[in-house]
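Each chain, letter by letter, is given below.
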Amino acid sequence: MSEKIERIKCLIIGSGPAGYTAAIYAARADMKPVVYTGMEPGGQLTTTTEVDNFPGYPEGIDGPSMMVDLQKQAERFGTQVRIGMITEVNFATEEGGIHTAVVDGKTKIEANTVIISTGATAKYLGLESEQRLRGGGVSACAVCDGFFYRNQDVAIVGAGDTAAEEASYLANICKSVTMLVRKDHMRASKAMQHRVNSLENITVLYNSEVDEVLGDTVVEGLRIVNNQTQEKHEIAITGIFIAIGHKPNTDIFKGQLDMGEDGYLKTIPGSTKTNMPGVFASGDVQDKIYRQAITAAGTGCMAALDAERYLAEVGVVDEVKAGDYYVE
């Protein structure tokens, strides 16, 4: 009995700004891309209420609507967007080899090229009040959302370079910034610590953790607990930024693709190429520095162009279309 296996030119794993931009470019290049959305169709932006810093939206736009626009644009050029999760991959090691993936643990698909745009997931504290108020004053990106809290009192949780950098950014636009550090010292570099300490409107509270985010529909305050004395006190704020790190969504690629100790995929400098031929990475899955929608979109464009050039180099014929390949 023969088993029908779909083969496509370009498989895109993930559906955020990187995945959809890659799809737009790949579709326009007649690569007939297929996008699998993953568990969070649209990526992290679907949890963002307003996006003001993406070019082309002079009045701003909410994250979910923006992702719908990007999906429609990708589909306009022939992209197939499918709801599903890639649960297993097996990448070919030779140039021109065929990569295989499993969808939802049961359906096998083959691809000449794969663009990975699975993104990264922000780490949160795990409080019920924090999750309830996400989008209502709780954010994991100061650069993305800090503008909405101009001249207001805010707090930031974290002790590393990212937290220190975001605290400094917020200090330039907010009335005051309260920085909560869980230990009695910061992990940030000395230079970043000096920057934080030099800004008069930043208050650093050591040995301090969030006990509760206060507010019904929007953030109105914070209950803070000293983890040494167990003393609690409240402060009035309108926004809290969680800067305790991100986890790249790369678990299924372990053992096949090169990645750092932190799990971010490594790409060849100046490209989106991974260590496997025909496999490319774009967006937050390989970017732990900028993590912006516009930079993710930019690398999505790069990945599609890299994939197109790769297909030309290995001589994949134009006649290969989704669904017309069979394996005995």
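Just so you know, these numbers come straight off a predicted model, no measurement behind them.

Thresholds, definitions, all that
Residues numbered from 1 in each chain as written. Predicted model: local features only at pLDDT ≥ 70, side-chain atom pairs only at ≥ 80, totals over all residues. Heavy atoms only, no water. Helix = DSSP H or I, 4+ residues; strand = E, 2+ residues; numbered from the N terminus. Rg over C-alpha atoms; globule rule 2.2 N^0.38 Å. Buried < 20%, exposed > 50% of the residue type's maximum accessible area, 1.4 Å probe, protein only. Contact = heavy atoms within 4.5 Å. Areas by Shrake-Rupley, 256 points an atom, 1.4 Å probe, with all protein chains shown as cover. Lys, Arg positive; Asp, Glu negative; His and termini not counted. Charge placed at Lys NZ, Arg CZ, Asp CG, Glu CD. Phe/Tyr/Trp six-rings, centres within 6.5 Å; stacked < 30°, edge-to-face > 60°. Disulfide = S-S within 2.5 Å. Pairing = 2+ DSSP bridges.

Take the overall build of the chain next. Looking only at helices and strands, the chain has seven helices and 19 strands in total. Here the C-alpha radius of gyration of the chain, 22 Å, is about what a compact globule of 328 residues would show, namely 20 Å. C-alpha extents for the chain along the principal axes are approximately 70 × 40 × 35 Å. Within the span of the chain, comprising 328 residues, buried residues form 50% of the whole. Counting contacts in the chain only where the partners sit at least 6 residues apart, residues at least 24 apart contribute 61% of the total. Total accessible area on the chain stands at roughly 15900 Å², and carbon and sulfur atoms take up 49% of it. Here the chain carries 30 positive and 44 negative side-chain charges, and the mean point of each set is 2 Å from the other.

All right, on to the environment of isoleucine 13 then. Within the element layout of this structure, isoleucine 13 appears in strand β2 (residues 6–13). By relative accessible area, isoleucine 13 is classed as buried at 5%. Isoleucine 13 sits 255 residues away from isoleucine 268 along the chain, and the two C-alpha atoms are 19 Å apart. Ignoring sequence-local partners within four residues, the contact set of isoleucine 13 consists of Tyr36, Ile86, Val89, Val114, Ile115, Ile116, Ser117, Thr118 and Phe253.

Right, let's get into the packing of aromatic side chains. For the structure on display, the rule yields five aromatic pairs. For the pair tyrosine 149 and phenylalanine 241, a centre-to-centre distance of 5.6 Å together with 90° between the ring planes defines the contact as edge-to-face. With a gap of 92 residues between them, tyrosine 149 in the loop between α4 (142–145) and β10 (153–157) and phenylalanine 241 in strand β16 (residues 239–242) connect regions that are remote in the sequence. Overall, phenylalanine 241 belongs to the buried group, its relative accessible area being 0%. Between phenylalanine 280 and tyrosine 310, the aromatic rings sit 6.2 Å apart at their centres with planes inclined by 75°, giving edge-to-face as the arrangement. A residue pair is termed long-range when its members are at least 10 positions apart, and phenylalanine 280 in strand β18 (residues 279–281) and tyrosine 310 in helix α7 (residues 293–314) qualify at 30 residues. The same class applies to phenylalanine 280 as to tyrosine 310, namely buried.

Put plainly, a disulfide is one covalent bond tying together the sulfur atoms of two cysteines. According to the stated counting rule, one finds one disulfide in the structure shown. Cysteine cysteine 10 remains unbridged, with the sulfur of cysteine 301 as its closest cysteine sulfur at 13 Å. Overall, cysteine 10 belongs to the buried group, its relative accessible area being 0%. Taking relative accessible area as the criterion, cysteine 301 reaches 16% and is therefore assigned buried.

Most of strand β7 (residues 107–116) sits out of view: eight of its 10 residues are buried. Relative to β7, β2 is paired through seven bridges, and the arrangement is parallel. Bridging across to β7, glutamate 6 finds its partner in isoleucine 109. Sheet topology places strand β6 (residues 99–103) next to β7; five bridges connect them, and they run antiparallel. Each residue of the ladder has a partner; that of alanine 101, found in β7, is isoleucine 109. Counted along the chain from β6 to the antiparallel partner β7, the turn is three residues long, and its residue aspartate 104 has a positive phi close to 55°. Relative to β18, β7 runs parallel, the two sharing three bridges. In the sheet register, valine 114 faces β18, and the bridge partner there is valine 279.

Function-wise, these values are silent; they only describe arrangement.
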